[in-house]
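Observations on chain architecture
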Amino acid sequence: MIDEQKLKRLKYEYLYEILKAEEVRSSSALFAYAKYLNETPLQYEYFPLYLKIFEANNQYAVDALLNGFEPEQFLDLVVVPNHFVLKSVFKSLDLHRSNTLYVKTVRVFGGFLYKFYHIVEEGFRIYEPTVADVNNLGKHLDETRDQNDPGNRGILDILRVLSELDRDHEQNKAKLDVGRQSNKIRADFLDNQRILLNAITQPILEKSDTVDFGIAPEQLQ
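Quick summary incoming for the structure in this document. (Residues numbered from 1 in each chain as written. Predicted model: local features only at pLDDT ≥ 70, side-chain atom pairs only at ≥ 80, totals over all residues. Heavy atoms only, no water.)

Now for the overall build of the protein. For the protein, the count of helices and strands is 11 helices and 0 strands. Secondary structure of the protein in N-to-C order comes out as α-α-α-α-α-α-α-α-α-α-α. The buried share of the protein, reckoned over its 221 residues, is 43%. Across the protein, contacts joining residues at least 24 apart in sequence account for 70% of those joining residues at least 6 apart. Approximately 12,200 Å² of the protein is accessible, and the part contributed by carbon and sulfur atoms is 51%. (Helix = DSSP H or I, 4+ residues; strand = E, 2+ residues; numbered from the N terminus. Buried < 20%, exposed > 50% of the residue type's maximum accessible area, 1.4 Å probe, protein only. Contact = heavy atoms within 4.5 Å. Areas by Shrake-Rupley, 256 points an atom, 1.4 Å probe, with all protein chains shown as cover.)

Under the criterion given, the structure shown has 10 aromatic pairs. For the pair Tyr-102 and Phe-213, a centre-to-centre distance of 5.6 Å together with 45° between the ring planes defines the contact as tilted. Of this pair, Tyr-102 sits in the loop between helix H5 (83-95) and helix H6 (103-117) while Phe-213 sits in the segment after helix H11 (202-205), and the two are 111 residues apart along the sequence. We classify Tyr-102 as buried; its relative accessible area is 9%. Exposure remark for Phe-213: the relative accessible area of 23% places this residue in the partly exposed category. Here the aromatic residues Tyr-46, Tyr-50, Phe-54, Phe-69, Phe-74 and Phe-109 are joined through ring pairs into a cluster of three or more. (Phe/Tyr/Trp six-rings, centres within 6.5 Å; stacked < 30°, edge-to-face > 60°.)

A few words on the nonpolar core. Phe-54 and Leu-113 are the most contacted members of the largest nonpolar core, which totals 50 residues. A per-element tally of this core places H6 first, with 7 residues. Beyond its immediate sequence surroundings of up to four residues, Phe-54 is in contact with Val-62, Leu-65, Leu-66, Phe-74, Thr-105, Val-108 and Phe-109. (Core = buried A, V, L, I, M, F, W, Y, C linked by side-chain atoms within 4.5 Å.)

To continue, consider the side chain of Thr-105. When you line up the elements, Thr-105 lands in helix H6. We classify Thr-105 as buried; its relative accessible area is 0%. Not counting residues within four places of it along the chain, the set of residues in contact with Thr-105 comprises Phe-54 and Val-62.

Let's shift gears to helix H4 (residues 59-66). Given 3.6 residues per turn, any residue in an α-helix points the same way as the ones three and four places further on. Among the residues of H4, Ala-61, Val-62, Ala-64, Leu-65 and Leu-66 are the ones counted as buried. Of the residues that open H4, the one with a side-chain oxygen 3.0 Å from the backbone nitrogen of Tyr-60 is Asn-58. Note on H4: the residue one or two positions beyond its end, Gly-68, has a positive phi of about 90°. (Polar contact = N/O pair within 3.5 Å; in protein donor to acceptor, adjacent residues only side chain to side chain.)

Attention now goes to the pattern of salt bridges. Under the criterion given, the structure shown has 15 salt bridges. Among the ionic contacts, a cluster of salt bridges with common partners joins Glu-121, Arg-167, Glu-170 and Lys-175. (Salt bridge = Lys/Arg side-chain N within 4 Å of Asp/Glu carboxyl O.)

Two numbers describe how helix H3 (residues 47-56) lies on H4: the axes approach to 8 Å, and their chain directions differ by 145°. Seen along the crossing, H3 lies across H4 with a hand that is left-handed. Of the residues in H4, those touching H3 at Tyr-50, Ile-53 and Phe-54 are Ala-61, Val-62, Leu-65 and Leu-66. (Axes fitted to C-alpha atoms, helices over the stretch in contact; angles between N-to-C directions. Left-handed = near helix turned anticlockwise from the far one by under 90°.)

Right, here's the structure in full:
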């Protein structure tokens, strides 16, 4: 007989294997799950599930979840502003190295964050990003592409509005620090004579030698 604790453990073990999607069977399960969520009316309560799909970083599952949506607008339809969701997105940006996050996910997060920080004081009241948060955002800029690349554009727009916190009359040190770092990252990316390493430390900018956006599910083979 399986007791409740063992049942819960088995459930989370299988879910963990699906989210890792390290072989065809689990990738197929994750793809089917993402497709199901895409075909289900978007709801705020599902935000943690959407986030898990994005964090899994499987391009096939992400594409299935986003089917029919512009990446920058996907979360606009389901998320209300609060501290938890903003912190969760910054945490997701921290999870992946600078060259390993699928570009459509970068676009989703960029569009989401811009929605809440384009009026920077209002966004800051909901969740105060730290300098570390700003660095984890900036590290996903792709220096091999220009500022008009959709992934880069979203990040640069957020950095621009956050840089407005660096102003002469500002007394809040946290705001000044975030504003100055945002401005420095943005300026170093846009200046052809400079590189991100001037603004962000090497450990944060560290790239992976192998970049893999997931195994194709059975449904697409």
